Amino acid sequence: MVELQINTTQNVNINFIAASVGERILAYVIDWIIKIAYLVVTYQIVFNLFEIDKIIEDMDDWSRIAILVSFYLPVVFYSLIFETFLDGQTIGKRIMKIKVVKIDGYQAALADYLVRWFFRIIDLNMMSGIVALIAIVTSKKSQRLGDMTAGTSVITLKNNVNISHTILEELDDSYVPTYPNVIKLSDNDARIIKETYVKAKASRDYETLIKLRKKIVEVMEIKGYNSNDLEFIDIILKDYNYYTQGM
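Every residue gets a number counted from 1 within its own chain, in the order that chain's sequence is written. Per-residue local features are limited, in this predicted model, to residues with pLDDT of at least 70; the limit for side-chain atom pairs, both in listing and counting, is 80 or more; totals at the level of whole chains, interfaces and linings are taken over all residues. Side-chain numbers here rest on the full set of heavy atoms in the structure, without hydrogens or water.

### Considerations on the overall build of the chain
By the criteria applied, helices consist of DSSP H or I runs no shorter than four residues and strands consist of E runs no shorter than two, each listed in order from the N terminus. In terms of helices and strands, the chain carries 13 helices and four strands. Only protein chains enter the area calculation, which uses a 1.4 Å probe; residues under 20% of their type maximum are buried, those over 50% are exposed, and those in between are partly exposed. Within the chain, the fraction of its 247 residues that count as buried is 38%. Should any heavy atoms of two residues lie within 4.5 Å, those residues are considered in contact. In the chain, once contacts between residues fewer than 6 apart in sequence are set aside, the share between residues at least 24 apart is 66%. Computed with a 1.4 Å probe, the accessible areas rest on the Shrake-Rupley method; for each residue, only the protein chains presented here act as cover. For the chain, the exposed area adds up to about 14700 Å²; of that, 61% sits on carbon and sulfur atoms.

Now the structure itself:
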């Protein structure tokens, strides 16, 4: 079991457990089963049911190649598409409860997923995945080459305390939110805010609280507020829970 310590942009260390090699392999196998199922279904529907193969017989070679490639593009870009739109998860990763995260505390972006996808050529397609396996086993942060280049790793979400548990706030039924712009924050943002807030409040680190408040105001584009830093951040956390607890 490899423990990852991620230093967030607010200088707060958060510990995660890296996904095991077995979990990553199973997720990979599940994803390939889905890809194969797509290819089989596509072939049966497009080429057998609609007899597209007979239609393209009269086309030139380049046109036939273009049509065939278009049907198989979803398989080629499968991991890139799903990791981008499922916040670091493919269907296989979601089933196995693992996900891709940045190890520098920032939110993984399209560019990061694109780098990971591109390096699959070396990691997974060359030598039947042996390169990725060796890299993950020997890396201190359980990273394949694509992860090392993108600055990412794959963590397990099977911990007893997950992201949602760390940002929960007690709310009265009569609670009225103050800042609707709080929905601009992600779960990761809210968790970092709460971790920083709790730590700074306990140590009376008012300088950090001021920096945190300024960052929140900047991100949420808040024009004005009438509370001190402690009250303001507390309201932000409660508002976030108010707007997201039903999602």
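### Describing the side chain of Thr152
Structurally, Thr152 can be placed in strand E4 (residues 152–156). Thr152 sits in the buried class, given a relative accessible area of 0%. Think of a polar contact as two N or O atoms within 3.5 Å of one another; within protein, one of them needs to be a possible hydrogen donor and the other a possible acceptor, and neighboring residues in sequence only count if both atoms come from side chains. A polar side-chain atom of Thr152 sits 3.4 Å from a polar atom in the side chain of Arg116. Within polar-contact distance, the side chain of Thr152 engages the side chain of Asp147 at 2.7 Å.

### Section: the side chain of Thr156
Structurally, the position occupied by Thr156 is in strand E4. When its relative accessible area of 7% is taken as the criterion, Thr156 is described as buried. With residues up to four places along the chain from it excluded, the contact list for Thr156 reads Ile17, Ala18, Ala19, Glu23, Lys97 and Ile98.

### Looking at the pattern of salt bridges
Two side chains bearing opposite charge may form a pair once their charged atoms approach each other closely. Just to be clear on terms, a salt bridge is a Lys or Arg side-chain nitrogen sitting within 4 Å of an Asp or Glu carboxyl oxygen. Going through the model one piece at a time under the given rule, you end up with 11 salt bridges. In this structure, the salt-bridge partner of Lys93 is Glu83, at a minimum N-O distance of 3.1 Å. Residue Lys93 is located in helix H5 (residues 91–96), and its partner Glu83 is located in helix H4 (residues 78–85); the two are separated by 10 residues in the primary sequence. One salt bridge connects Lys184 with Glu221, and the closest N-O pair in it is separated by 2.9 Å. Residue Lys184 is located in the loop between helix H10 (163–166) and helix H11 (187–203), and its partner Glu221 is located in the loop between helix H12 (206–220) and helix H13 (229–244); the two are separated by 37 residues in the primary sequence.

### Considerations on the environment of Ile235
Position of Ile235 relative to the elements: it lies in helix H13. The class for Ile235 is partly exposed, based on a relative accessible area of 23%. In this view, Ile235 contacts Tyr175, Thr178, Tyr179 and Ser227; residues no more than four positions away in its chain are not counted.

### Describing the confidence of the model for the chain
Confidence in the prediction for the chain averages 83 pLDDT; 87% of positions are at 70 or higher. The predictor attaches a confidence to each residue, and that confidence, scored 0 to 100, is pLDDT. Counting contacts from residues 160–165, a segment whose pLDDT is below 50, to residues more than four positions away or on other chains yields four contacts.

### A short note on the nonpolar core
Ranked by internal contacts, the top residues of the largest apolar core, which has 18 residues, are Ile216, Met220, Phe232, Ile233 and Ile236. Those elements giving two or more residues to this core turn out to be H11, H12 and H13. If we skip the residues at most four places from it in the chain, Met220 touches Tyr179, Asn181, Val182, Lys184, Leu185 and Ile236. To qualify as a nonpolar core, a set must consist of buried Ala, Val, Leu, Ile, Met, Phe, Trp, Tyr and Cys residues joined through side-chain atoms within 4.5 Å. Of all hydrophobic cores here, the second largest spans nine residues; its members include Leu80, Met96, Val100 and Ala108.

### A short note on the pairing of E4
Counting buried residues along E4, five of its five residues qualify, which places the element largely inside the surrounding structure. Side chains Thr152, Val154 and Thr156 project from E4 onto one buried face, and the interleaved Ser153 and Ile155 project onto a second face that is buried too. Note: two strands are recorded as paired if DSSP finds a minimum of 2 bridges between them. Bridge analysis of strand E3 (residues 98–102) against E4 gives five bridges, and the strand direction is antiparallel. The residue bridging Ile98 from the neighbouring strand is Thr156, located in E4.

### Details of the environment of Phe232
Structurally, Phe232 is set in helix H13. It is 9.8 Å that separates the C-alpha atoms of Phe232 and Thr178, two residues lying 54 residues apart in sequence. Ignoring any residue separated from it by four or fewer positions in sequence, one finds Phe232 in contact with Tyr179, Arg213, Ile216, Val217, Ile222, Tyr225 and Ser227.

### Some thoughts on the packing of aromatic side chains
Side-chain rings of Phe, Tyr and Trp, where Trp is taken by its six-membered ring, are said to pair if the distance between their centres is within 6.5 Å; with planes under 30 degrees apart they count as stacked, over 60 as edge-to-face, and otherwise as tilted. In the structure shown here, the tally under the stated rule is five aromatic pairs. For the ring pair Phe77 and Trp117, a centre distance of 5.0 Å and an interplane angle of 20° mean the geometry is stacked. One end of the pair, Phe77, is in the loop between helix H3 (61–76) and H4; the other, Trp117, is in helix H6 (residues 110–118), with 40 residues separating them in the sequence. Given the relative accessible area of 30%, Phe77 is considered partly exposed. Taken together, a centroid distance of 6.0 Å and an interplanar angle of 80° make the contact between Phe118 and Phe119 edge-to-face.

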